[in-house]
Amino acid sequence: MSKWNRFFYQAHKAAVLWLFIVLYLFLFRFIFIAVFHDSIQTSTVVRDIARIAKDTLINLYPDPSAKELKKAIASLWRMKPEQMMLGNGSDELIQTVILAFGGPVLVPAPTFAMYDITSRALAQKVVSVPLDADFDLDAELIIKRATASRAKVLFLACPNNPTGNRFSDRAIRRILAETDAAVVIDEAYYSFSGRSYLPLLKQYPNLIILRTLSKIGLAGLRIGVLIASPGIVGELNKIRLPYNINSLSQIAAVSVLKHRSVLNRQISLLISERKKLYNAFSKLPGVTAYPSETNFILIRTDADASVIHRKLKRAGILIKNLNKPGPLENCLRVTIGTPEENKEFIGTLRTILGH
Ligand code: PMP
C-alpha cells in the first residue's frame, strides 16, 4: 500500500469510528419514557448475578419446576408455592389460560392488547365490553354478555393498562360471584397499587391471579406468575412447556429478589415521582391526567395528541400514542421515568403546548 493509500485508509477508518460515536451519542440522548428501565443495575445486584451465573451449568436443562425461584417469589408476595405456576412473562401465562379454557374470551375495552391478540391467534372468539365513562367495569353488562356468549374466560387487568385505574371492588366481586367463567385478575401493576385480590382465592374457585416481575425492573428475565387453586394449577401445568423458565433467568431472579430493599426503594421512588408528575399535569392547561395506580399516567390533551406525540419524538422523548376515535381519543400514555427524565418531559411538553 502506498503512503497516500495508507493515509486515506486510516482517515476513512477514523471517519467511520467518529460516525459511530456521534450516532451512539445521538441515540443515547433519546429518553425512552415509554418503557420503564429501572436501576436494578446497581453494582451489588449485578455483581451477585455475575458471580452465580458463572457457576450455572448451561449445558444442563433448567429445573422444570423452578423450585428455588417459586420459593423466592412466594416469600416476596406471601403465596403458597403449590398454588403457583411460572411463565415466560405473564404473556405466556395469558396464552396458557386461553389454551386451557378456550373461548369465547371476554375482555373490557380499553385494556391490555395481548388478551385480544392471543385469543385471536388461538382462533378463539373475543367478546369486548366497553368500560364506563370513568374507565370502570359495568358489572351488569359484563355478566349479561358473559352469560349470553357462554364466555369461558374473563380477563380483568386491575389496575388496568392503559387507563391506570383500579376497577371498583364491588364490580369485581359481583362478576366473580355471578359468572361460571374463569376470571383472571391481572395484577401486573400490583407493586404500584399495593391492593390485591389474592385473599379472595379461598372464596372463589374460578379466580386466577396473574403477577409479573417485569414491572419491578426485571422485564428482561421474562418471569410471570399465576396463582390459582391447586386444581387449576395442576391442569394448567399439564400443558405448560416443561422448560419455560431458562436457567439464567431462574438464578438471576432468585439473586435479585434477595435485594428486597433495592426493589422497595425503586417502587417508592416511582410512586413519589408519579405523584409529582400527576400534580404537574394538573397544572397544565389543555391536559387532563387520569389518576393512576400503575407505573404510567394516562393523559388526554385538548389539542391533537398525535401532533404532540410527533413533536415530543422530535425532541427525543418517546411516549405511547393511544390516539384514535373512541374512548382513548387524544390520549397519551406516559411511563414514569427518573426524576430528571420527568422534569425534562414536563418542560418539553409545556414548550410544545406554548405555556
Ligand atoms: N399484563 C398487563 C396488564 C400488562 O400491562 C403487561 C405488560 N405491559 C403484561 C401483562 C405482560 O407482562 P410480562 O412482561 O410479564 O409478559
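Residues numbered from 1 in each chain as written. Predicted model: local features only at pLDDT ≥ 70, side-chain atom pairs only at ≥ 80, totals over all residues.

Caption draft 1: Examining the overall build of the protein more closely. On a plain count of helices and strands, the protein comes out with 13 helices and 11 strands. Burial statistics for the protein: of 355 residues in total, 37% are counted as buried. Within the protein, counting contacts between residues at least 6 apart in sequence, those at least 24 apart form 68% of the total. (Helix = DSSP H or I, 4+ residues; strand = E, 2+ residues; numbered from the N terminus. Buried ≥ 20, exposed ≤ 12 C-beta atoms within 10 Å, placed from the backbone. Contact = placed C-beta atoms within 7 Å.)

Caption draft 2: Structural detail: the packing of helix α6 (residues 139–149) against helix α7 (residues 169–178). The interhelical angle for the contact between α6 and α7, taken along N-to-C directions, is 20°, at an axis separation of 9 Å. The pairing of α6 with α7 is recorded here as roughly parallel in orientation. Crossing of α6 over α7 shows right-handed handedness. Where α6 abuts α7, its residues Ala139, Ile142 and Ile143 lie against Ala171, Arg174, Ile175 and Glu178. Residue composition of the contact of α6 with α7, grouped by class: five nonpolar, no polar and two charged. (Axes fitted to C-alpha atoms, helices over the stretch in contact; angles between N-to-C directions. Parallel < 35°, antiparallel > 145°, perpendicular 65-115°, else oblique. Left-handed = near helix turned anticlockwise from the far one by under 90°. Nonpolar A, V, L, I, M, F, W, Y, C, P; charged D, E, K, R; others polar.)

Caption draft 3: Structural detail: the site of the ligand. Around the ligand, the structure places Gly89, Ser90, Asp91, Phe112, Ala157, Asn161, Asp186, Ala188, Thr212, Ser214, Ala219 and Gly224. Split by residue class, the shell around the ligand holds four nonpolar, six polar and two charged. (Near = placed C-beta within 6 Å.)

Caption draft 4: Fine view of unusual backbone geometry. At the junction of Cys158 and Pro159, the peptide bond is cis and its omega measures out at 0° in the coordinates. As for its placement among the helices and strands, Pro159 is situated in the loop between β4 (153–157) and α7. The linkage connecting Asn161 with the following residue, Pro162, adopts the cis geometry, with an omega of 15°. Following the sequence through the fold, Pro162 ends up in the loop between β4 and α7. A positive phi angle is found at Ala66, which is not glycine, with a value near 45°. Mapped onto the elements of the fold, Ala66 is located in the loop between α2 (43–54) and α3 (67–77). On the basis of neighbour count, Ala66 is assigned to the buried category, with 25 C-beta atoms found within 10 Å. Of note in this structure, Arg78 is not a glycine but carries a positive phi near 50°.

Caption draft 5: Here's a closer look at the nonpolar core. One finds Val153, Leu154, Leu156, Val183, Val184, Ile208 and Leu226 to be the most contacted residues of the largest nonpolar core, which totals 84 residues. Take this core: its biggest share by element is five residues, from β4. Inspection of this core shows a minimum of three residues originating in each of domain 2 (67–247) and domain 3 (263–353). Other than its neighbours up to four places away in sequence, Ile208 contacts Val97, Ala182, Val183, Val184, Leu226, Ala228 and Ile232. (Core = buried A, V, L, I, M, F, W, Y, C linked by C-beta atoms within 7 Å. Domains from an automatic or database assignment.)

Caption draft 6: Structural view of α6. Among the residues making up α6, those that are buried are Ala139, Ile142, Ile143 and Ala146. Down the axis of α6, the smallest arc covering the buried residues is 95°, so these residues share one side. Set apart from the buried face of α6 by more than 90 degrees, the exposed residues are Glu140 and Ala148. Buried residues belonging to α6 abut β2 (105–109), β3 (126–130), β4 and α7. Of the residues trailing α6, Arg150 is marked for its positive phi of about 55°. (Arc of directions from axis to C-beta.)

Caption draft 7: Quick look at helix α11 (residues 260–282). End to end, α11 covers 33 Å across 23 residues, agreeing with the expected 33 Å (1.5 Å per residue, within 8%). When α11 is considered as a whole, its buried residues turn out to be Leu263, Leu270, Arg274 and Leu277. Contacts made by the buried residues of α11 are with α8 (190–193), β9 (296–301) and α13 (339–353). (Expected span 1.5 Å × (residues − 1).)

Caption draft 8: Spatial organisation of the packing of helix α4 (residues 89–101) against helix α9 (residues 230–239). One way to put it is that α4 packs onto α9 with a least axis distance of 10 Å and a crossing angle of 100°. Considering the angle they form, α4 stands roughly perpendicular to α9. For the pair α4 and α9, the contacting residues are Thr96, Leu99 and Ala100 in the first and Glu235, Leu236 and Ile239 in the second. Residues of the contact of α4 with α9, tallied by class, amount to four nonpolar, one polar and one charged.

Caption draft 9: Structural view of the pairing of β2. Most of β2 is tucked away: four of the five residues are buried. Judged from the five bridges that link them, β2 and β3 form a sheet pairing that is parallel. Its bridge partner being in β3, Ala109 is matched across the sheet by Pro130. The parallel pair β2 and β3, bridged by helix α5 (residues 114–121), forms a crossover whose chirality is right-handed. Relative to β4, β2 is paired through two bridges, and the arrangement is parallel. Its bridge partner lying in β4, Val105 is registered against Val153. (Pairing = 2+ DSSP bridges. Right-handed = clockwise from strand over helix to strand, strands pointing away.)

Caption draft 10: Spotlight on the sheet that holds strand β7 (residues 224–227). Strand order in the open sheet made by the seven strands is β1-β7-β6-β5-β4-β2-β3, with mixed pairing throughout. Each edge of the open sheet is held by one strand with a lone partner, namely β1 (84–87) and β3. Taking the axes of each pair of neighbouring strands and ignoring which way they run, one obtains an average angle of 25° across the sheet. Of the strands in this sheet, β1, β6 (207–212) and β7 touch α3, which is tilted by about 115° from β1. Against the sheet, α4 makes contact with β1, β2, β4, β5 (182–186), β6 and β7, and its axis sits at roughly 40° relative to β7, the strand it touches most.

So far we have only geometry, and geometry alone does not tell us how the molecule works.
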